[in-house]
Amino acid sequence: MSDPSITDPAAIVEASASAHPRRMTLNMGPQHPSTHGVLRVVVELEGETVRRAIPDIGFLHTGIEKQFEALDYQQGVTLTDRVDYLANLSNNLCYALAVEKLLGLEIPPRAQWMRVLLVELTRLNSHLVWLGTQALDIGAMSVFLYCFREREDLLRIFEMFSGQRMMTSYIRIGGLALEPPRGWQEAVSRFIKAFPSNVDQYEDLLTKNPIWLRRTRGVGHVPLDVLVDLGVTGPVLRACGLNWDIRKTEPYSSYEKFDFEVPTRTEGDVYARYQVRLAEMRQSARIVEQALAGMPEGAWRADAPHVLLPDREKMKTQMEALIYHFKIVTEGFGVPAGEYYQAIESPRGELAYYVVSDGTAKPYRVFMRTPSFGNLQALPAMTEGRLVADTIASMGSLDFVLGDVDR
Amino acid sequence: MDFFVLSVLKALVVAGALMTSLAYLQWVERKVIAHIQLRLGPYRVGPHGLLQPLADVIKLATKEGIVPSHVNKPFYLLAPFLAVSLALTSIAVIPFGPEIEAFGVRTYMQLTDINIGVLFLLAISSLSVYAVTFAGWASNNKYSLLGGLRAAAQMISYELPLAIALAGPLLIAGSLSLREIVEAQQGVTLGILPRWMIFQPPAPQIFGFVIFLIAAFAETNRVPFDLPEAENELVAGFHTEYSSLKFASFFMAEYANMITMTAITTTLFLGGWLPLFPAEYGSNFVPSILFALLAAAALYHGLHPARRKDRFSLPVVALLLAAAAALFLIPIVQTFLLPLFWFLAKAGALMFLFIWVRGTMPRFRYDQLMSFAWKFMFPAAAVNLFASALLVALFAR
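Computed from a predicted structure; not experimentally measured.

How would you sum up the interface of chain A and chain B? Please name residues and give values.
Across the contact, 34 residues belong to chain A and 25 residues belong to chain B. Summing both sides of the interface, chain A and chain B together bury roughly 2,700 Å²; the carbon and sulfur share of this comes to 60%. It is Glu48(A), Ile211(A) and Arg214(A) in chain A that bury the most area against chain B; as a group they hold 22% of the surface buried on that side. The interface formed by chain A and chain B contains one salt bridge. Note that Asp390(A) is salt-bridged to Arg365(B), the shortest N-O span being 2.9 Å. For the pair chain A and chain B, the interface holds nine residue pairs in polar contact (both at pLDDT 80 or more). Secondary-structure elements contributing two or more residues to the side of chain A that touches chain B are strand E1 (24–28), helix H5 (109–137), helix H6 (141–162), helix H8 (210–216) and helix H17 (388–398) of chain A. Of the residues that constitute the side of chain A that touches chain B, the class distribution is 18 nonpolar, nine polar and seven charged.

Here it is, written out as structure tokens:
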């Protein structure tokens, strides 16, 4: 192997390429049309065959984990939006669940169901962007724009709920940020009624398209044990045959009350990932339908006056409410000392927040186990020995978000 | 009239028409793709973005022409020039119509009818590989190099099935002159079908046509064979390092190649400028009826406008269409407008197919592209040629 003191990927590849006179080092990214952000992959090529691929991350490092320590708990929610711009609500939820566990809060059923509904819409949002970009990577340009049409409807729904299209911060510690807006049921049900037929359209364009099959079947295959060793989770893992979905294995936010299947495939190639994600979209639509139909009545946030700001009405009439308001606004709320690791199934895989509290109003440490980071580790295993075009297809099928990788 | 003056005049007309249609082909492509993708496409410059091509030309021509310091300058500068001039050359032998008489001069609606027209086309299209290879190599950029090599391999590979598929019509027509090939397709077969090469007994060239069309997609580097400039892998392929007019040249070359390829396909397989059915059945009135119908539709929508401004714009469009319909009824104009109409209609339909495919298909992978060329296209073209040769030898004349 190469000199361990060299850490720059370019230097590693350069060194190994210069040992083989017929090889060429190609630097893909950080500005490249299909690295989905600012990923840099240094590739060693022999002709068009990739001999070696080293992802170089960190171009989007924002120090979000450290920033948590400077904000109080509720403010931290706004940071979670910025980790993964396609799955904001999943990140909101995961962080909120972890802190709520430390606080010992009981979340009312309506809020829990609302959260499930929103998180599943987020999954649809994320998978739509994935489908569009994956198709674009393989050259099918139109699918990208069709997917963004649906995504636009979803973003409008998110905007309706939270006032924001992307940085929603709608799921807060203790429940939701605001009362669900008037008319949300109609908006969501209109979307979810039209959605399955739209997925059928995408399948018409791609699923049996011979070129699509040639480009995706057998491409980017990695054995299951290697994937597990690398820490890969989510649809990529399930496309390899492992039925691992945290919504089923460790249900949170009353997922156990919903009836859905976890789609799996055994081929473990790009096509299997495509099939798994499309099936997941249909399952998510089912969950949303169930959430719509069986949405419980009741409070949309917990009864926890020491954590949640009181209603304006109460604040103006009750002295305790005014005191709580003053305390929460000026010094936040203290969280009992302890630590908690909360994992959820984000669109990309296992997303976890590990929150350590020292009893004050600000977290001592927040660590994120982000699915994109784990999934990206499989890129070299998927691409080495294959063609440049397969690198692009594999990269698309991993569905990573660079903000999620670098944090 | 003096042969020289006539040639210059014809060249000017053809070149002007080609350049305009180049610019507007790009507009049409953007519009069609946009509507496939639920977008509007160019809309800002002029009504429905009709002046967009002009704006693009001005933009590209006035950009700074950067020559990167690490390029091999002579070849770097030669490549775009070569690409565009070769792409524009092949239009010279395409016949747009029969012999016509105007202002007392008899001439063919064709720049030049050389008796080895088909060979000339093949020679020119082979040469255009050099432009791409030079560009890829001289740019001294890894993406360009990969793009250039891909393009060279692809164009050489697909030239074989292209040339073999093209031999079928030659066998039937017994000539290499494009004008004579078109003239060999006159008439009707089986009572209703036109005697175009794709239907003509004894060896209908339907398979040859399909093979030729697929190879034409590859030759023009269009989706699904657009690997040389696969932007998701190779950024912009062989023209990554080009800017300004040099980039515009490659762009023009691509569209000029597309026009030439559709023109050749039309000429060889679809009867060139010949009408869909003979004049005895009233084919001369088809364009008039078509334009009249369009005018009626525009007028109807003008009278029931969806938007306020349609009330004025659509009747004007209807008037123009009605004028076009009337124009096709004037006997003197008919002699050269009708062949042109049929030629453009067929070439336009093929062009639409090119664009449609781009809006629908994903892209091949490099090795799949090559194996498709050598393991499927080449044998298929060869079998088609042998079968045609056999049929022609047994049944023809």
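Account for a nonpolar patch on the surface, naming residues and giving values.
On the surface, Phe4(B), Val5(B), Val8(B), Leu9(B) and Leu12(B) cluster together to form a nonpolar patch covering roughly 470 Å² of accessible area. The residue Val8(B) is located in helix H1 (residues 3–36) in this model.

Any details on helix H11 (residues 310–327) of chain B? Residues and values, ideally.
At 3.6 residues per turn, the α-helix brings residues three or four places apart onto the same side. All names here are of chain B. For H11, which comprises 18 residues, the first-to-last C-alpha distance of 25 Å matches the rise-based estimate of 26 Å (1.5 Å per residue) to within 8%. Buried within H11 are the following residues: Asp310, Ala318, Leu321, Ala324 and Ala325. On an axial view of H11, the arc spanned by its buried residues comes to 120 degrees, and they lie on one face. In H11, the exposed residues that point more than 90 degrees away from the buried face are Phe312, Leu319 and Leu320. Where H11 is buried, its residues touch helix H10 (286–303).

With reference to specific residues and values, describe the domain arrangement of chain A.
Residues and elements named next belong to chain A. The domains assigned to chain A are domain 1 (1–60 + 375–407) and domain 2 (64–369). Computed over C-alpha atoms only, the centres of domain 1 and domain 2 are separated by 29 Å. If you look at the interface, domain 1 gives 22 residues, while domain 2 gives 28 residues. Interface area lost by domain 1 to domain 2 is led by Asn375, Asp399 and Arg407, which between them contribute 29%. Along the contact surface separating domain 1 from domain 2 lie two salt bridges. Between arginine 407 and glutamate 65 there is a salt bridge; the shortest N-O distance is 2.7 Å. Along the contact surface separating domain 1 from domain 2 lie twelve residue pairs in polar contact (both at pLDDT 80 or more). No other element matches H17, which puts eight residues into the side of domain 1 that touches domain 2.

Could you give an account of the confidence of the model for chain A, with specific residues and numbers?
When pLDDT is averaged across chain A, the result is 86; 96% of the residues are at 70 or more. The secondary-structure element of chain A with the lowest mean pLDDT is helix H1 (residues 9–18) of chain A, recorded at 68, while strand E7 (residues 349–357) of chain A shows the highest, at 91.

Tell me what's going on with the sheet that holds strand E3 (residues 49–56) of chain A, and back it up with residues and numbers.
Two strands in a sheet stick together by hydrogen bonds in their backbones, pointing the same way (parallel) or opposite ways (antiparallel). All names here are of chain A. The strand order across the open sheet formed by three strands is E1-E2-E3, and the pairing between neighbours is antiparallel. Two strands in the sheet have a free side with no partner beyond their single neighbour: E1 and E3. Across the sheet, the mean angle separating the axes of adjacent strands is 20 degrees when strand polarity is ignored. As paired strands, E1 and strand E2 (residues 40–46) are joined by five bridges and run antiparallel to one another. Across the sheet, methionine 28 pairs through a bridge with valine 41, a residue of E2.

Describe the pattern of salt bridges, listing the residues and the values that go with them.
Residue and element names in this part refer to chain A. Here the structure, examined in full by the defined rule, presents 32 salt bridges over all chains. Among the salt bridges present, the one from aspartate 153 reaches arginine 156, with a minimum N-O distance of 3.8 Å. Remark: arginine 156 and aspartate 153 occur in helix H6; sequence separation between them is three residues, near one turn of the helix. Overall, the relative accessible area of 32% leaves aspartate 153 in the partly exposed class.

I'd like a rundown of the packing of helix H3 (residues 73–89) of chain B against helix H9 (residues 244–269) of chain B, residues and numbers included.
All names here are of chain B. At a closest axis distance of 8 Å, the pairing of H3 and H9 adopts a crossing angle of 25 degrees. By the criterion of interaxial angle, the relationship of H3 to H9 is roughly parallel. Crossing handedness for the pair H3 and H9: left-handed. For the pair H3 and H9, the contacting residues are Tyr76, Leu77, Ala79, Pro80, Ala83, Val84, Ala87 and Leu88 in the first and Lys246, Ser249, Phe250, Met252, Ala253, Ala256, Asn257 and Thr260 in the second. Grouping the constituent residues of the contact of H3 with H9 by class yields twelve nonpolar, three polar and one charged.

Give a description of the environment of Leu9(B) that names residues and reports values.
Along the polypeptide, Leu9(B) turns up in helix H1. For the pair formed by Leu9(B) and Leu111(B), sequence separation is 102 residues and the distance between their alpha carbons is 9.6 Å.

Pulling in residues and values, what's your account of the packing of aromatic side chains?
The geometry of an aromatic ring pair comes down to the distance between the two centres and the angle between the two planes. Per the counting criterion, the structure on display carries 36 aromatic pairs over all chains. Their ring planes at 65 degrees and their centres at 6.0 Å tell us that Tyr255(A) and Phe260(A) sit as a pair that is edge-to-face. Ring centres 4.9 Å apart and planes at 70 degrees place the aromatic pair Tyr242(B) and Phe250(B) in the edge-to-face group. Judged by its relative accessible area of 5%, Phe250(B) falls in the buried class.

Rules behind the numbers
- Residues numbered from 1 in each chain as written.
- Chains lettered and ligands numbered in written order.
- Predicted model: local features only at pLDDT ≥ 70, side-chain atom pairs only at ≥ 80, totals over all residues.
- Heavy atoms only, no water.
- Contact = heavy atoms within 4.5 Å.
- Buried area = accessible area lost by both parts, 1.4 Å probe.
- Salt bridge = Lys/Arg side-chain N within 4 Å of Asp/Glu carboxyl O.
- Polar contact = N/O pair within 3.5 Å; in protein donor to acceptor, adjacent residues only side chain to side chain.
- Helix = DSSP H or I, 4+ residues; strand = E, 2+ residues; numbered from the N terminus.
- Nonpolar A, V, L, I, M, F, W, Y, C, P; charged D, E, K, R; others polar.
- Patch = residues over 30% accessible without salt bridge, like charges linked within 9 Å, V, L, I, M, F, W, Y side chains within 5 Å.
- Areas by Shrake-Rupley, 256 points an atom, 1.4 Å probe, with all protein chains shown as cover.
- Expected span 1.5 Å × (residues − 1).
- Buried < 20%, exposed > 50% of the residue type's maximum accessible area, 1.4 Å probe, protein only.
- Arc of directions from axis to C-beta.
- Domains from an automatic or database assignment.
- pLDDT = per-residue confidence, 0-100.
- Pairing = 2+ DSSP bridges.
- Axes fitted to C-alpha atoms, helices over the stretch in contact; angles between N-to-C directions.
- Parallel < 35°, antiparallel > 145°, perpendicular 65-115°, else oblique.
- Left-handed = near helix turned anticlockwise from the far one by under 90°.
- Phe/Tyr/Trp six-rings, centres within 6.5 Å; stacked < 30°, edge-to-face > 60°.

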